[in-house]
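# Descriptive structure summary
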Amino acid sequence: MKKTIKVENLDCANCASKIEKAINKVEGVESANVNFITQKIKLELIDENYNTIMKEIKRVCKKVEPDCTLLDD
């Protein structure tokens, strides 16, 4: 499953890189690409357990960058 998520309050490219590395370590994520310029995350996820995977992605993002907010549909 491919998904694009909007990101708010992503302050710098370094933070985007840290978030990308953290998301790529989440079980169920096949790939993640965080674009600082567009303020979006492009994800490829395993279809099973979508809600669980998204909760974990949001948790790791908050851990890396507490001010960052992911806007999932």
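The preceding data block contains the structure.
Residues numbered from 1 in each chain as written. Predicted model: local features only at pLDDT ≥ 70, side-chain atom pairs only at ≥ 80, totals over all residues. Heavy atoms only, no water.

## Focus on the sheet that holds strand β4 (residues 69-71)
Two modes of strand pairing occur in sheets, parallel and antiparallel, and in both the strands are linked by backbone hydrogen bonds. Read across the sheet, four strands follow the order β2-β3-β1-β4 without closing on themselves; strand pairing throughout is antiparallel. This sheet does not close on itself; its edge strands, each paired only once, are β2 (29-35) and β4. On average, each strand axis in the sheet is tilted by 25° relative to the strand beside it, whichever way the strands run. Across six bridges, the pairing between β2 and strand β3 (residues 40-45) is antiparallel. Counterpart to N33 in the pairing with β3 is K42. In the packing of helix α1 (residues 13-24) onto the sheet, the strands contacted are β2 and β3, and the crossing angle to β2 comes to about 170°. Across the sheet, helix α2 (residues 50-64) touches β1 (2-8), β2, β3 and β4, and the angle it forms with β3 is around 140°. (Pairing = 2+ DSSP bridges. Helix = DSSP H or I, 4+ residues; strand = E, 2+ residues; numbered from the N terminus. Axes fitted to C-alpha atoms, helices over the stretch in contact; angles between N-to-C directions. Contact = heavy atoms within 4.5 Å.)

## Thoughts on the pairing of β3
Consecutive residues of a regular strand have side chains that alternate between opposite faces of the sheet. Only one face of β3 is covered, namely the face carrying I41, L43 and L45; the face carrying K40, K42 and E44 is uncovered. As defined by bridge partners, β1 adjoins β3 across five bridges and the pair is classed as antiparallel. Each residue of the ladder has a partner; that of K3, found in β3, is L43. Counting the residues between successive antiparallel strands, the hairpin from β2 to β3 contains four residues, one of them, Q39, with a positive phi of roughly 60°. (Buried < 20%, exposed > 50% of the residue type's maximum accessible area, 1.4 Å probe, protein only.)

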